[in-house]
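# Summary of structural features
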Amino acid sequence: MRRRLPAVALVLGTVLALLAAAPALAAGYRYWSFWDGAAGGQWSYATQGPSLARPADGSVQGFRFAVSKDAAAEAAKPRAAADFEAVCGATAAAEGRKRVALVIDFGVQADAPSGEVVPQEAPRTACAQVAPEATTAEALAAVAKPLRYNSAALLCAIAGFPQHGCGEQIADSGAAEASASPSGSAPGGGGPSAGLLAGIALVAVLAAAGVWQSRRRGR
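Residues numbered from 1 in each chain as written. Predicted model: local features only at pLDDT ≥ 70, side-chain atom pairs only at ≥ 80, totals over all residues. Heavy atoms only, no water.

## A look at the nonpolar core
By size, the foremost hydrophobic cluster in this structure holds 21 residues, and its most contacted members are Trp32, Phe63, Leu102, Ile104, Leu140, Ile158 and Phe161. Put simply, the parts of the chain that give this core at least two residues each are strand E1 (26-37), strand E3 (59-68), strand E4 (98-105), strand E5 (124-130) and helix H3 (136-143). No other element matches the 3 residues that E4 contributes to this core. Trp43, Val60, Ala82 and Cys127 belong to the second-largest nonpolar core, a separate cluster that totals 14 residues. (Core = buried A, V, L, I, M, F, W, Y, C linked by side-chain atoms within 4.5 Å. Buried < 20%, exposed > 50% of the residue type's maximum accessible area, 1.4 Å probe, protein only. Helix = DSSP H or I, 4+ residues; strand = E, 2+ residues; numbered from the N terminus.)

Pasting the structure below:
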């Protein structure tokens, strides 16, 4: 029994350290999330950023500004349907060009950075007619300038909104914490707690191995 106590204390200390290091107060991030239009007008959280995605002719791409989780099941979706015909139906096809329907949702005023006003409450739509090899970022730049990116190529602003900030982590109190950008408009992600869960799982495995080893020695 005495042999097990130091091991148990070590495991407990490690778990507590991991919990202390986790962003327990983090409610989400304030950022532009990026979405692919799916069948039936639904949205699917994009698996690569707009600077890498090369949508086909007839695609629908969506952007939503909000304070939300950086995860497919929890991020705020655009509040308009992913409907290509509704956006690009009046734009005739052109030789050597593709049409990409864009839905740009600036979100709600409650999610806007302090001192800034949401440009419009209803989502904006635009039909970008661009070169066949154009990325989503290039299609967006064709209809919603100015765009703003940070040094890590994270999309920070569309049509100049917001003027400041980029992917800030937001605490439950609503205050912005030190910048820790989401995978967000280069979105993908499993959320900020994935590393914590993996660490706890590893500690649990090590603890079980330690108990098993101590029992062998005690025989």
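## Focus: empty space enclosed by the protein
Using the criterion set out here, one finds 1 cavity of 30 Å³ or more in the structure. Approximately 50 Å³ is the volume attributed to the largest cavity. Together, 13 residues line the largest cavity, and Arg30, Tyr31, Cys156, Cys166 and Gly167 are the ones closest to its centre. Residue assignment for the lining of the largest cavity shows that the elements contributing at least two residues are E1 and strand E7 (155-157). Top contributing element to the lining of the largest cavity by residue count: E1, with 3 residues. Of the residues in the lining of the largest cavity, the class split is 8 nonpolar, 3 polar and 2 charged. (1 Å grid on protein atoms, 1.4 Å probe; cavity = no way out; pocket = protein on both sides within 12 Å on 5 of 7 lines; lining within 4 Å. Points joined across faces, edges and corners; volume = space filled by probe spheres on them. Nonpolar A, V, L, I, M, F, W, Y, C, P; charged D, E, K, R; others polar.)

## Some thoughts on the side chain of glutamate 116
Position of glutamate 116 among the secondary structure elements: in the loop between E4 and E5. The side chain of glutamate 116 is buried and forms no salt bridge, while arginine 148, the nearest opposite charge, is found at 6.1 Å. Excluding its chain neighbours within four sequence positions, the residues that come into contact with glutamate 116 are Gln109, Phe161, Pro162, Gln163 and His164. (Lys, Arg positive; Asp, Glu negative; His and termini not counted. Salt bridge = Lys/Arg side-chain N within 4 Å of Asp/Glu carboxyl O. Contact = heavy atoms within 4.5 Å.)

## Things to note about the pattern of salt bridges
Counted by the stated rule, this structure contains 3 salt bridges. Aspartate 105 is the partner of arginine 64 in a salt bridge, and the nearest nitrogen-oxygen pair spans 3.9 Å. With arginine 64 in strand E3 and aspartate 105 in strand E4, the pair connects residues that are 41 residues apart, well separated along the chain. As far as the burial class goes, arginine 64 and aspartate 105 line up, both buried. Between arginine 79 and aspartate 105 there is a salt bridge, with the nearest N and O atoms lying 2.8 Å from each other. Of the two residues, arginine 79 sits in the loop between E3 and helix H2 (84-88) while aspartate 105 sits in strand E4, which places them 26 residues apart along the sequence. The exposure class of aspartate 105 is buried, given its relative accessible area of 0%. Each of Arg64, Arg79 and Asp105 takes part in one network of salt bridges that share partners.

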